[in-house]
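# Structural overview for review
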Amino acid sequence: MTVFIFCFPFLMAFLLDFLGLPSFLKYIVDAVYIVAVLMLYAHRKSVIRKEISPFIAFAAGFFLFLLVIYLFNFQSPFYFIWGVRNNFRFYIAFVLYSVAFDEEDAESYLNIMDVLFWVNAVITFFQFFVMGYRQDYLGGIFGVEKGCNAFSIIFFSIVIGKSLLLFMNKQQNVWNCFLKCGVSLVIAAMAELKFYFVLFVLILFASALMTRFSFRKVILILGAAVILMFTSLLLPILFGEGRTMSLENIIKTITATNYATTRDLGRFTAIPTIARDYLTDWSDRLFGMGLGNCDTSSFDICNSEFYKSHSYLNYNWFSSAFLFLETGVIGLLTYLSFFVICFVSAFRRMKRKEANELFCRLCMLMSVVCFIMVFYNSSLRTEIGYMAFFSLALPFVKRNQQETVI
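What you are looking at is a predicted structure, and each value in this text was computed from that prediction instead of being measured. (Residues numbered from 1 in each chain as written. Predicted model: local features only at pLDDT ≥ 70, side-chain atom pairs only at ≥ 80, totals over all residues. Heavy atoms only, no water.)

### Describing the overall build of the protein
Stated precisely, the cut-off is as follows: Secondary structure elements follow DSSP: runs of H or I no shorter than four residues count as helices, runs of E no shorter than two count as strands, and numbering proceeds from the N terminus. To get the radius of gyration, use the C-alpha atoms; to get the globule rule, take the number of residues to the power 0.38 and multiply by 2.2 Å. When a residue's accessible area, from a 1.4 Å probe over protein chains only, is under 20% of the maximum for its type it is buried; when over 50% it is exposed; and in between it is partly exposed. In what follows, residue pairs with any heavy atoms lying within 4.5 Å of each other are defined as contacts. Using the Shrake-Rupley algorithm and a 1.4 Å probe, accessible areas are obtained, with residue cover drawn only from the displayed protein chains. Lys and Arg are tallied as positive, Asp and Glu as negative. Neither His nor the chain termini are counted. For the purpose of locating charges, the reference atoms are NZ of Lys, CZ of Arg, CG of Asp and CD of Glu.
Helix and strand content of the protein: 18 helices and zero strands. In summary, the protein has a C-alpha radius of gyration of 21 Å against a globular reference of 22 Å for 406 residues, a match within 12%. Its C-alpha atoms give the protein principal-axis dimensions of roughly 60 × 55 × 45 Å. Relative to its full complement of 406 residues, the protein shows a buried share of 53%. Excluding contacts between residues fewer than 6 apart, the proportion of contacts in the protein whose partners are at least 24 apart in sequence is 75%. Here the protein displays about 18,300 Å² of accessible surface, and carbon together with sulfur accounts for 67% of that area. When the 32 basic and 26 acidic side-chain charges of the protein are each reduced to a single mean position, those positions are 7 Å apart.

### Some points on the packing of helix α13 (residues 270-277) against helix α16 (residues 319-351)
In plain terms, the rule: All axes are obtained by fitting lines to C-alpha atoms, using only the stretch in contact for helices, and the reported angles, taken between N-to-C directions, cover 0 to 180 degrees. Note that the term roughly parallel is reserved for angles under 35 degrees, roughly antiparallel for angles over 145, roughly perpendicular for angles of 65 to 115, and oblique for everything else. Residues are sorted three ways: Asp, Glu, Lys and Arg are charged, Ala, Val, Leu, Ile, Met, Phe, Trp, Tyr, Cys and Pro are nonpolar, and all the rest, Gly among them, are polar.
Here α13 crosses α16 at 75 degrees, and the two axes come no closer than 10 Å. In terms of axis orientation, α13 runs roughly perpendicular to α16. Residues Ala-270, Ile-271, Ile-274 and Ala-275 of α13 pack against Ser-320, Ala-321, Phe-324, Leu-325 and Leu-332 of α16. Tallied by class, the residues present in the contact of α13 with α16 amount to eight nonpolar, one polar and no charged.

### Examining the side chain of Asp-264
Test applied: Salt bridge, as applied in this entry: a Lys or Arg side-chain nitrogen positioned within 4 Å of an Asp or Glu carboxyl oxygen. Any N or O atom pair separated by 3.5 Å or less is treated as a polar contact, with the protein-specific requirement of one donor-capable and one acceptor-capable atom, and with residues adjacent in sequence counted only for side-chain atom pairs.
Tracing the backbone through its elements, the reader meets Asp-264 in the loop between α12 (247-255) and α13. Buried Asp-264, no salt bridge; nearest opposite-charge side chain is Arg-263, N-O distance 9.0 Å. Of note is the side chain of Asp-264, whose polar atom sits 3.1 Å from the side chain of Asn-314. With residues near it in sequence (within four places) discarded, Asp-264 still touches Thr-257, Asn-258, Tyr-259, Tyr-312, Leu-313, Asn-314 and Trp-317.

### Quick notes on helix α8 (residues 174-190)
Filter applied, for reference: Multiplying 1.5 Å by the residue count of a helix minus one yields the expected span of that helix.
Relative to the 24 Å expected for 17 residues at 1.5 Å per residue, α8 spans 24 Å between its end C-alpha atoms, a close match to the ideal helical length. With twelve of 17 residues buried, α8 is to be regarded as a mostly interior element. Among the residues of α8, those classed as buried are Cys-177, Phe-178, Lys-180, Cys-181, Gly-182, Val-183, Ser-184, Leu-185, Ile-187, Ala-188, Ala-189 and Met-190. Here the buried face of α8 lies against α6 (103-129), α7 (149-168), α9 (194-210), α10 (215-232) and α11 (234-239). The N-cap of α8, judged by a side-chain oxygen 3.1 Å from the amide nitrogen of Trp-175 a few residues on, is Asn-173. Positive backbone phi, at 55 degrees, marks Glu-192, one or two positions downstream of α8.

This is how it looks when you write it as C-alpha cells:
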C-alpha cells in the first residue's frame, strides 16, 4: 500500500489523461492510506520506532489544535474533514514511508526516479515539439492539465539534488550530472518555470555547503553557471523579452500586489493583504477562520461558502495564503515548523551516523525547498506532496536489520 502511495503521482496523469479513466479514481489513494493507517495502528507496538514517534506526536498535536479552533469557527463537519484530508494525508504518507521502507527500498525508489527523469524528458519534448504544449500545460509524465508543470519542480529538485550530492561526493560522473542539470533547466524554460532557475541555484550552493571542498565542486559550479546562463536565454526566445531572467524581474515578482488579475492576491504579498482586508481581528489573525472553511472541492458538500464568494482572490494557488486564512499565524508557523524539524533531525542523525548520509543531506535540501514552496504555490496540497514527503522521510526509514522499537 505504501508503494502504491509513492507511485501514485507518477501514475495519475497516465490513468486519467491518457487512459481517460474517471477522475474520481484519484481518490482511491485516500482509501489506501486509511486502510494502511488502520493496519499501522493495529501493529503500532512492533513497527513504530522511537525516531518516528516525535513526528506522529507533531501531527496529532497539530490536529487537536485545529480541531479545538474549529469548534469556535464551526460551519460544516464536511469542510473540516476535507481540510484534514488535504493537509494531513502527507503526514500519514511520511509515517508510512518511515515504517514500511528500509534503506534498500528507499535507494531503489530514488533510482526509479532517475529512470523516470529520462522518461519524463522524452515525453516532455514530444509534448512541446509535436503536440504544441508549453508553459502551464507542459507536464511530461504529470500530464497536460493547467498547472501540471508545478509537479516538475518537486520532481526535479529531488533528482537533481541527489545527483549534485553524489557528484560532489565522487559517486557520480560529471557528464551524468551535467546532462541532468541541463535537461531539467531546458524543460523548465519550455514550461516557463522561472522559479526553478532560482531554486536550482539554491540547491547547487546548498549541496556545495553540505559537502567537503574539492576541485570537482569548483568544476561543477562553473559548469552549472554556464548551463544556467544559456538555458535562461531560452525564456525570452520562447516567450518574449518580458520573460527574461533578471534580478529586476525577480524583485518585481516578489513585490507584486496581484498575480494573474487586478483583483487577486500576489504570491508574496498575500498574507499582509489578507490580514488587512479579511482577518481584521487579532484572534482571526492568530487562529484563522477554521480548517476547511476556505477550502474548495469538486464535491459541492465540501466546497466552502468563503471560496464560493472569494474565489476571485486565487488564494488557493498559494499554500501560505490558504493556511493563513484557515489557521492563522499559529497554524502557518506550526505547518512550516515541520520542515524545520525534518531539517534538524536529519542533520543530527547524519552527525551521529544513525542514518544514510545521502538520505540525510537530501532531506535537508528538500526541507528548504518545501519551506519555500509553501509560499510559491500550492503544490504541497496536491498529489506531488506524496513525493516531497518521501524525500523528507528518507533519514527515518528502517536501517537494514534494524529492530529497535518503542
